[in-house]
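An overview of the molecular structure
Spelled out, the chains give:
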Amino acid sequence: MGSDSEAEKSQQKEKERKKMLAISPIAKPLAGKKLSKKTLKLVRKAAEHKCLKRGVKEVVKSIRRGHKGLCVIAGNISPIDVITHVPILCEEAEIPYVYVSSKEDLATAGATKRPTCCVLVLTKPAKGELAPEEQEKIKADYSQIVSDVSELTSSLF
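Residues numbered from 1 in each chain as written. Predicted model: local features only at pLDDT ≥ 70, side-chain atom pairs only at ≥ 80, totals over all residues. Heavy atoms only, no water.

With an unreviewed UniProt entry as reference, the protein chain is termed H/ACA ribonucleoprotein complex subunit 2, source organism Hibiscus trionum. The UniProt entry for the protein chain carries this comment under Subcellular location (unreviewed entry): "Nucleus, Nucleolus". (UniProt positions renumbered as here; feature names shortened; annotations may be inferred.)

Secondary structure summary: the protein chain contains six helices and four strands in total. Its helices and strands taken in sequence order, the protein chain reads α-α-β-α-β-α-β-α-β-α from the N to the C terminus. By the compact-globule yardstick of 15 Å for 157 residues, the protein chain fits well, its C-alpha radius of gyration being 16 Å. Judged by the C-alpha coordinates and their principal axes, the protein chain covers about 50 × 35 × 30 Å. Burial status across the protein chain gives 41% buried among its 157 residues. Within the structure as shown, the protein chain displays about 9700 Å² of accessible surface, and the carbon and sulfur contribution to it stands at 54%. Across the protein chain, the centroid of the 29 positively charged side chains sits 4 Å from that of the 20 negatively charged ones. (Helix = DSSP H or I, 4+ residues; strand = E, 2+ residues; numbered from the N terminus. Rg over C-alpha atoms; globule rule 2.2 N^0.38 Å. Buried < 20%, exposed > 50% of the residue type's maximum accessible area, 1.4 Å probe, protein only. Areas by Shrake-Rupley, 256 points an atom, 1.4 Å probe, with all protein chains shown as cover. Lys, Arg positive; Asp, Glu negative; His and termini not counted. Charge placed at Lys NZ, Arg CZ, Asp CG, Glu CD.)

Spatially, the four strands line up as an open sheet ordered S1-S4-S2-S3, and their pairing is mixed. At either margin of the open sheet sits one strand with a lone partner, and together these are strand S1 (52-54) and strand S3 (97-100). Going across the sheet, the axis of each strand differs from the next one's by a mean of 20°, ignoring polarity. In this structure, strand S2 (residues 69-74) lies alongside S3, joined through four bridges in parallel fashion. The residue of S3 that forms the bridge with Ile73 is Tyr99. Along the sheet, helix H6 (residues 132-156) contacts S2, S3 and strand S4 (118-122); its crossing angle with S2, the most-contacted strand, is approximately 60°. (Pairing = 2+ DSSP bridges. Axes fitted to C-alpha atoms, helices over the stretch in contact; angles between N-to-C directions. Contact = heavy atoms within 4.5 Å.)

So this is what it looks like as structure tokens:
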């Protein structure tokens, strides 16, 4: 029975290693394990409350329209040209952005079956209103992650 768990652990480590090898060289600032977990949790909450824009086209449109939020970009996109303009748009609009290791994890958190290149987490839903306590929860998580991302970014540049 112990050998099964050992084999399972080695498979998990191999899977993680493959994920890390697939990450593109421009994926900076790349979130660590802890920050990735927090970020994906925020994406999941935002998807439940309809405060999420999925895909490059929607994210770019929202940024150009002046919506503010946190941009989460997958680091293992191929070809990389698909998302190279998104960080530049985010910097111009002063929107914090962070890379996570896999587009599959990002899609799972964003409640879609299809792998997603990037998502924009908005602080309030595009249509309608949220209950005040729900909005406060999302806002608190959002501000915590934004501060972690800005700290990570400042250590890089």
